[in-house]
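# Architecture and fold: a report
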Amino acid sequence: MSDTSKVSKAEAEVEQSTVAPADDPTAAPVAVVDPRLLVREEGLKGYVTEFKRKIKGGELGSLPVFVGLIVIWTIFQTQNDRFLSADNLSNISYFLSATGMLAIGLVFVLLLGEIDLSVGSVSGLASTVFAVFVVNHSMNQWLALFLTVLTGAAIGALQGWFFARIGVPAFVVTLAGFLGWSGLMLWLLGSSGTINIPAETGPVHLLGQSSFFMDQAVIGAYLLAGLAVLSMLVGSFMEQRRRKAAGVPFRPTSEILLRVVALGVAAFAAAAVLNNASGVSNALVIFLASLVIVDFVLRRTTYGRKIFAVGGGIEAARRAGISVPMVRISVFAISGSFAAIGGMFFAGQTASATLNAGGGNTLMLAIAAAVIGGTSLFGGRGNVWSALLGMLVIQSIQTGLDLLNMNTSIQYMITGAVLLGAVVIDSVSRKSQKAAGRA
């Protein structure tokens, strides 16, 4: 058999571009092989090799978060055997949703390499505005909800305008917003400092701790798990077909099925655990649905690609014809919208608008969730699922320390240490990628 016949299929699918060796410009060009093609050809061995390559190159992805979660859950379970009980995990899944909604909006801002310090106060103001509409003006709750979210979007767009058009640093603009919107919230609440909201019907009832998907725990939980698996299966095969038609590397069917089975095991296990408690809360369902929608926008739309482009390099994005100011303004409007939605989640937890809504360490926890979950503070890298992963870490720490009757000061210190660790990992990862030529 000739040497030519021994060439593997992966080597035959070499990219058309060629490069000359760096140490000898006069040498014959060397073909560049797409490593994803080699992975597909070599099977399991190829995936192991690719995994090692990513680790060495600083492409850690969500691996540190999953490792951290395993460590955190193991430690707390050994200290208190109620930590991994169905009731406790149900509480974690419910209470992470409110701050998680703020973290979704912050992911957009962080992708630009900026920060929004006003989301906590905007969420508190949103719950107050909703309470004023409903209680003081007897407005329909769903109309009040729409106007509340619109208020959050307008606040975010205003702050984005000062940043994008006037040139005021985002840190300064949103810090001013943090103070100003907090003052407006105090003024609206008046001397009582609290406005109780009717919780029998409407959004507040929907987001309450006693409200569950379909009001039928078993049906609702397993239906959601089945929808998640089916959506991933259909989406993966559609992407495979699209990439085949385009002549670019694609995931083989075996890998798709393996991923779907892994998701199925995790989804149905989570459904079984939550069913042993009270089921899947409406708050968690809305939070997860928001993640799916926003993930699609960021990864599958032109607008999403513009956000990553601006975060990756402003000048390059501008030369590509992207309206950088409009992207910036829209991103801050999105952040304000999710802050307002998060404020409604807080209102659902207490059936009231209070001085504590969005206050305390809410802002810091939302930022920490996005960063701990894997979104880079330097812009251009991350995804909205980091909001879920980061909140799982933070809420697990808070709930575990509460079970151990630890002081709040301990919670702050541990959460701060985890946040610092996440930023250190991000910084080291970026340096590794630069050294590997992948930055």
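Note that this is a predicted model, so its numbers are computed, not measured. (Residues numbered from 1 in each chain as written. Predicted model: local features only at pLDDT ≥ 70, side-chain atom pairs only at ≥ 80, totals over all residues. Heavy atoms only, no water.)

### Digging into the packing of aromatic side chains
Heads up, the condition is: Think of it this way: a Phe, Tyr or Trp ring, Trp meaning its six-membered ring, pairs with another when their centres are within 6.5 Å, and the plane angle makes it stacked under 30 degrees, edge-to-face over 60, tilted otherwise. Only protein chains enter the area calculation, which uses a 1.4 Å probe; residues under 20% of their type maximum are buried, those over 50% are exposed, and those in between are partly exposed.
Overall, the coordinates contain five aromatic pairs when judged by the stated rule. Measuring from ring centre to ring centre gives 5.3 Å for Phe76 and Phe83, while their planes differ by 35 degrees; the resulting arrangement is tilted. Here Phe83 falls in the buried class, since its relative accessible area comes to 0%.

### Some points on the nonpolar core
Heads up, the rule is: In this text, buried Ala, Val, Leu, Ile, Met, Phe, Trp, Tyr and Cys residues form a nonpolar core when linked through side-chain atoms within 4.5 Å. Note on conventions: DSSP H or I runs of at least 4 residues are helices, E runs of at least 2 residues are strands, and numbering of each starts at the N terminus.
Core analysis: the biggest nonpolar cluster contains 91 residues, and Ile104, Phe108, Phe287 and Ile307 have the highest contact counts within it. Of the residues forming this core, the biggest block, 15 residues, is contributed by helix α5 (residues 86-111).

### Things to note about α5
At 3.6 residues per turn, the α-helix brings residues three or four places apart onto the same side. Filter applied, for reference: Take the number of residues in a helix, subtract one, and multiply by 1.5 Å to get its expected span. Two axes enter the bend calculation: one fitted to the seven residues ending at the residue in question, the other to the seven starting there, and the bend is the angle between them.
Between the first and last C-alpha of α5 there are 35 Å, a value that for 26 residues agrees with the 38 Å anticipated at 1.5 Å per step. At Ala98, α5 is bent by approximately 40 degrees, the largest bend along its length. Within two residues after α5, Gly113 carries a phi angle of roughly 80 degrees, on the positive side.

### Details of the packing of helix α13 (residues 302-312) against helix α15 (residues 324-350)
How two helices pack is summed up by the angle between their axes together with the distance between the axes. Applicable threshold: To obtain each axis, a line is fitted to C-alpha atoms, and for helices this fit is confined to the stretch in contact; angles are then taken between N-to-C directions over 0 to 180 degrees. Orientation categories follow fixed angle ranges, with anything under 35 degrees roughly parallel, anything over 145 roughly antiparallel, 65 to 115 roughly perpendicular, and all other angles oblique. Note on definitions: a residue-residue contact is assigned when non-hydrogen atoms from the two residues lie within 4.5 Å. In this count, Pro and Cys sit with the nonpolar residues alongside Ala, Val, Leu, Ile, Met, Phe, Trp and Tyr, while Asp, Glu, Lys and Arg are called charged and the others, Gly among them, polar.
Packing of α13 against α15 brings their axes to within 10 Å, and their N-to-C directions diverge by 105 degrees. Put simply, α13 runs roughly perpendicular to α15. In contact with Tyr303, Lys306, Ile307 and Val310 of α13, α15 contributes Val324, Val327, Ser330, Val331 and Ile334. Residue composition of the contact of α13 with α15, grouped by class: seven nonpolar, one polar and one charged.

### Thoughts on the confidence of the model for the protein chain
Low pLDDT means the predicted coordinates in that region are not meant to be read closely. Counted only if it meets this: Note: pLDDT gives the predictor's confidence per residue, expressed from 0 to 100.
When pLDDT is averaged across the protein chain, the result is 82; 82% of the residues are at 70 or more. The secondary structure element of the protein chain with the lowest average pLDDT is helix α1 (residues 9-12), at 40, and the one with the highest is helix α7 (residues 141-166), at 95. Of the regions scoring below 50 in pLDDT, residues 1-20 engages in 25 contacts with residues more than four places distant in sequence or in other chains.

### A word on the side chain of Gln240
Heads up, the condition is: Under this definition, polar contacts are N or O atom pairs within 3.5 Å; protein pairs additionally need one hydrogen-donor-capable and one acceptor-capable atom, and for neighbouring residues in sequence, both atoms have to be side-chain atoms.
Mapped onto the secondary structure, Gln240 falls in helix α10 (residues 217-246). On the basis of relative accessibility, which here comes to 8%, the residue Gln240 falls in the buried class. Looking at Gln240, its side chain comes within polar contact range of the side chain of Thr253, at 3.3 Å. Excluding residues within four positions of it along the chain, Gln240 makes contact with Phe250, Arg251, Pro252, Thr253 and Ile256.

### Structural notes on the environment of Met344
Considering the arrangement of structural elements, one finds Met344 in helix α15. A C-alpha to C-alpha distance of 9.1 Å links Met344 and Val149, two positions 195 residues apart in sequence. When neighbours within four sequence positions are excluded, Met344 is seen to be in contact with Phe130, Leu145, Thr148, Pro203, Val204 and Leu207.

### Brief notes about helix α8 (residues 170-189)
Its 20 residues give α8 an end-to-end C-alpha distance of 28 Å, which sits within 8% of 28 Å, the value for a rise of 1.5 Å per residue. Close packing links the buried residues of α8 with α6 (119-136), α7, β3 (194-196), α15 and β4 (352-354). Phi for Gly190, located one or two positions after α8, is positive at around 75 degrees.

### What about unusual backbone geometry?
In the Ramachandran plot, Ser138 falls in the positive-phi region, its phi being about 55 degrees despite a non-glycine side chain. Among the structural elements, Ser138 can be located in the loop between α6 and α7. Despite not being glycine, Asn405 has its phi angle at roughly 55 degrees, a positive value. Within the fold, Asn405 resides in the loop between α17 (385-403) and α18 (408-435).

### Focus on the pattern of salt bridges
What counts here: Any Lys or Arg side-chain nitrogen located within 4 Å of an Asp or Glu carboxyl oxygen qualifies as a salt bridge.
Evaluation of the coordinates by the stated rule reveals five salt bridges. A salt bridge links Glu239 to Arg300, with the shortest nitrogen-to-oxygen separation between them at 3.4 Å. Highlighted residues: Glu239 in helix α10 and Arg300 in helix α12 (residues 282-300), separated in sequence by 61 residues. The shortest N-O distance in the salt bridge between Arg259 and Glu255 comes to 2.9 Å. Of this pair, Arg259 and Glu255 both sit in helix α11 (residues 253-275), four residues apart, which is roughly one turn of the helix. For Arg259, a relative accessible area of 37% puts it in the partly exposed group. Note on Glu255: relative accessible area 13%, which makes it buried.

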